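Chain and residue survey
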Amino acid sequence: MPDAEFTEALLAVVGEIPAGRVMTYGDVALAVGSNAPRAVGRVMALFGHAVTWWRVVPASGLPPQGHARDALPRYREEGTPLRSVVSPDDYRIALSAARLPYTHEIYAEVQL
């Protein structure tokens, strides 16, 4: 089970990701002072339903594993930049445009 303090901090960061933007698992880990993107994935698997889970994606630009169909309407509603939309189960997020920049206030406490 992930540490409660880590989980709380992580979910707070995810809750602050602006609509139409995404962060990778590694970005979220960095924002909470961790070097453990897999731990971010674990927390999201257990508690992500309580936050804007679709805004946390793998570095590949794919939607969260197993949730592509559920995430697509949210991306479209928020205006998240997408590319290669073949079907509701086969697309990528355009990370170059959608990824939250490291200059965003979410990263304010991080030494980059």
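Provided above is the structure to which this section pertains.
What this report covers is the structure whose coordinates are included nearby. (Residues numbered from 1 in each chain as written. Predicted model: local features only at pLDDT ≥ 70, side-chain atom pairs only at ≥ 80, totals over all residues. Heavy atoms only, no water.)

1. Side note on unusual backbone geometry
The phi dihedral of S84 falls on the positive side, at around 55°, and the residue is not glycine. Topologically, S84 is positioned in strand 3 (residues 82-87). The exposure class of S84 is partly exposed, given its relative accessible area of 44%. (Helix = DSSP H or I, 4+ residues; strand = E, 2+ residues; numbered from the N terminus. Buried < 20%, exposed > 50% of the residue type's maximum accessible area, 1.4 Å probe, protein only.)

2. Considering the nonpolar core
Ranked by internal contacts, the top residues of the largest apolar core, which has 31 residues, are L10, M23, V40 and M44. Of all the elements in the fold, those that place two or more residues in this core are helix 1 (4-16), helix 2 (25-31), helix 3 (37-47), strand 2 (56-57), helix 4 (68-78), strand 4 (90-93) and helix 5 (95-98). Broken down by element, the residue count for this core peaks at five residues, all from helix 1. For M44, the contacting residues outside a window of four places in its chain are L10, L11, V14, Y25, H49, V51, W53 and V56. (Core = buried A, V, L, I, M, F, W, Y, C linked by side-chain atoms within 4.5 Å. Contact = heavy atoms within 4.5 Å.)

3. With respect to the pairing of strand 4
Regular strands have side chains that alternate between both faces of the sheet. Alternating positions in strand 4 separate cleanly, Y91 and I93 being buried on one face and D90 and R92 remaining unburied on the opposite face. Examined bridge by bridge, strand 3 and strand 4 share three bridges and lie antiparallel to one another. Following the sheet pairing, L82 is matched in strand 4 by I93. Connecting strand 3 to the next strand, strand 4, in antiparallel fashion are two residues. (Pairing = 2+ DSSP bridges.)

4. Quick word on the environment of D89
Along the polypeptide, D89 turns up in the loop between strand 3 and strand 4. Given the relative accessible area of 48%, D89 is considered partly exposed. In the structure, D89 is positioned 46 residues away from V43 in sequence and 23 Å away in space, judged by C-alpha atoms. Reaching out from D89, the side chain makes a polar contact with the side chain of R69 at a distance of 2.5 Å. (Polar contact = N/O pair within 3.5 Å; in protein donor to acceptor, adjacent residues only side chain to side chain.)

5. A few points about the packing of aromatic side chains
Throughout the structure, instances matching the rule amount to three aromatic pairs. With centroids separated by 5.6 Å and ring planes inclined at 90°, the aromatic side chains of W53 and W54 adopt a geometry described as edge-to-face. Residue class for W53 comes out buried when judged on its relative accessible area of 16%. (Phe/Tyr/Trp six-rings, centres within 6.5 Å; stacked < 30°, edge-to-face > 60°.)

6. Observations concerning helix 1
Along its 13 residues, helix 1 runs 19 Å from first to last C-alpha, staying within 8% of the 18 Å computed at 1.5 Å per residue. The complete set of buried residues in helix 1 reads F6, T7, L10, L11, V13 and V14. End-on view of helix 1: buried residues confined to an arc of 155°, all on one side of the axis. Exposed residues lying more than 90 degrees from the buried face of helix 1 are A4, E5, E8 and E16. Those residues of helix 1 that are buried are in contact with strand 1 (23-24), helix 2, helix 3 and strand 2. Its side-chain oxygen 3.0 Å from the backbone nitrogen of E5, D3 forms the N-cap of helix 1. (Expected span 1.5 Å × (residues − 1). Arc of directions from axis to C-beta.)

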